[in-house]
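Residues per chain are reported as follows:
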Amino acid sequence: MDLFRHLRYFTVVAEELHFGRAAERLGIAQPPLSQSIQRLERELGVELIDRSRRQVDLAPAGRLLLDEARTLLVGEQRMRTLMRMVRDGTLGTLRAGVPPETPAVTLQALLRRLADQIPGLDVDLQELTTGEQLRMLADARLDIGLIHHPVDAPDLRFGPTARVRLGVVLPRASPLAAATELTLADLAGHDLVLPPRATAPGWHDHVLDVCRRHGYTPARIRHARNPEFLLGLVLAGHGVAFEPESAARREPRVVWRPLTGHPLHKTTAAAWVAQSPHPAAERFAEIAAETLDEAAPPPITVPAPDAARPWSIVYAARTAGSGE
């Protein structure tokens, strides 16, 4: 028996105390309405309508049931609303992965925007590499992740991409810092600092392939998962790294130089399972792409080196003035 439907019919009859008006209000014929009330009475084992008079009136059980029925129907409506919100992705928990190197201000902007636009959604944000996110998505331990392309994952769907140009991060004292722009071939003989291949296999292989095609084969690959460790290796002269402009702003003893022709971009996009996706996956993907695009810093203006003096003298004068 559809209890809630019969209770709805009963409350309308109880409010109208007239089967004709109640049927009209419900948009049904009067006979099915009378049958519904009778079935409810049989189910509950009591008389709800006093049929001893010509005028419709509630029996004692009917008067008691009316308040209970209203409470139950309000609860049912709330339950349906909540379930609809879950279905539409505006309520519930979304397990999301983000790359470990994501800046704090970007995370703050993403979480704030999600809270503003999907206030009922509980976002369980986890710090995970692309490789970890792909494994957890495959195991249904993650609903969505922000991953670095390229990836080979035919079972996943992808949201809008956010691209950031990469340049070379190197020590400020490096002779290469004298240039306002570098080619990949200029890096010949230098080690390269990269995240371990397991963290993002597609991206790792893509970087090395681009390097080879542009005349740069790193003397040695050094691995760094943490941005601070990466900068530490660069400062120690253990290699150069390909990073966004913002990396140079965190550490005054390194410089960022653009690559001629901009051959390297880091492309990030949300990914989620194609079958039975989380209802909020697409909306999260859109918001994340917007946030990443807005978080991209304005270009750094690289001053031209002083042609009249050797770069080592220019550097010494600048560092002396800055207290380094």
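Our subject is the structure that appears above.
Conventions and cut-offs
- Within every chain, residues take consecutive numbers counted from 1 along the sequence as written.
- The predicted nature of this model means local features are confined to residues of pLDDT at least 70 and side-chain atom pairs, given and counted, to a pLDDT of 80 or more, with totals for whole chains, interfaces and linings taken over all residues.
- To obtain the side-chain values, all non-hydrogen atoms of the structure were used and water was disregarded.
- One speaks of a salt bridge when a side-chain nitrogen belonging to Lys or Arg is within 4 Å of a carboxyl oxygen belonging to Asp or Glu.
- Strands here are runs of E lasting at least two residues and helices are runs of H or I lasting at least four, both read from the DSSP assignment and numbered beginning at the N terminus.
- At least two bridges found by DSSP between two strands is the condition for calling them paired.
- The convention used is that axes are lines fitted to C-alpha atoms, helices contributing only their stretch in contact, and that angles between N-to-C directions extend from 0 to 180 degrees.
- Within this scheme, the nonpolar core is defined by two criteria: the residues are buried Ala, Val, Leu, Ile, Met, Phe, Trp, Tyr or Cys, and they are joined through side-chain atoms within 4.5 Å.
- With a 1.4 Å probe rolled over the protein chains alone, any residue whose accessible area is under 20% of its type maximum counts as buried; one over 50% counts as exposed, and the rest are partly exposed.
- Note on definitions: a residue-residue contact is assigned when non-hydrogen atoms from the two residues lie within 4.5 Å.

A. Structural detail: the pattern of salt bridges. Counted by the stated rule, this structure contains 21 salt bridges. Of the charged contacts in the structure, one is a salt bridge between Asp-67 and Arg-70, with a shortest N-O distance of 4.0 Å. Taken together, the positions of Asp-67 and Arg-70, both in helix H4 (residues 60–88) and 3 residues apart, correspond to about one turn of that helix. Ionic pairing is found between Arg-213 and Asp-209, a salt bridge with its closest N-O pair at 3.0 Å. Of this pair, Arg-213 and Asp-209 both sit in helix H7 (residues 201–213), 4 residues apart, which is roughly one turn of the helix. In this structure, a network of salt bridges that share partners links the residues Glu-15, Glu-16, Arg-21, Arg-25, Asp-67 and Arg-70.

B. Region of interest: the sheet that holds strand S8 (residues 192–194). Pairing is mixed across the open sheet formed by 5 strands, whose spatial order is S9-S8-S10-S7-S11. Looking at the sheet topology across the chains shown, the edges are occupied by strand S9 (221–223) and strand S11 (254–257). Going from strand to strand, the sheet's axes swing by 35° on average, the running direction of each strand aside. By the bridge criterion, 3 bridges tie S8 to S9 in an arrangement that is parallel. Note on S9: the bridge partner recorded for Leu-194 is His-223.

C. Highlighting the nonpolar core. If you look at the biggest cluster of nonpolar residues, it comprises 22 residues, and the most contacted ones within it are Leu-187, Leu-192 and Phe-242. Taken together, the elements giving at least two residues each to this core come down to strand S7 (167–171), S8, H7 and strand S10 (240–243). In terms of residue count, H7 provides more of this core than any other element does, 5 residues in total. Not counting residues up to four positions away in its chain, the partners in contact with Leu-192 are Val-207, Leu-208, Cys-211, Tyr-216, Pro-218, Arg-220, Ile-221, Arg-222, Val-240, Ala-241 and Phe-242. Core analysis: the next-biggest nonpolar cluster, separate from the first, contains 20 residues, Ala-14, Phe-19, Leu-65 and Leu-66 among them.

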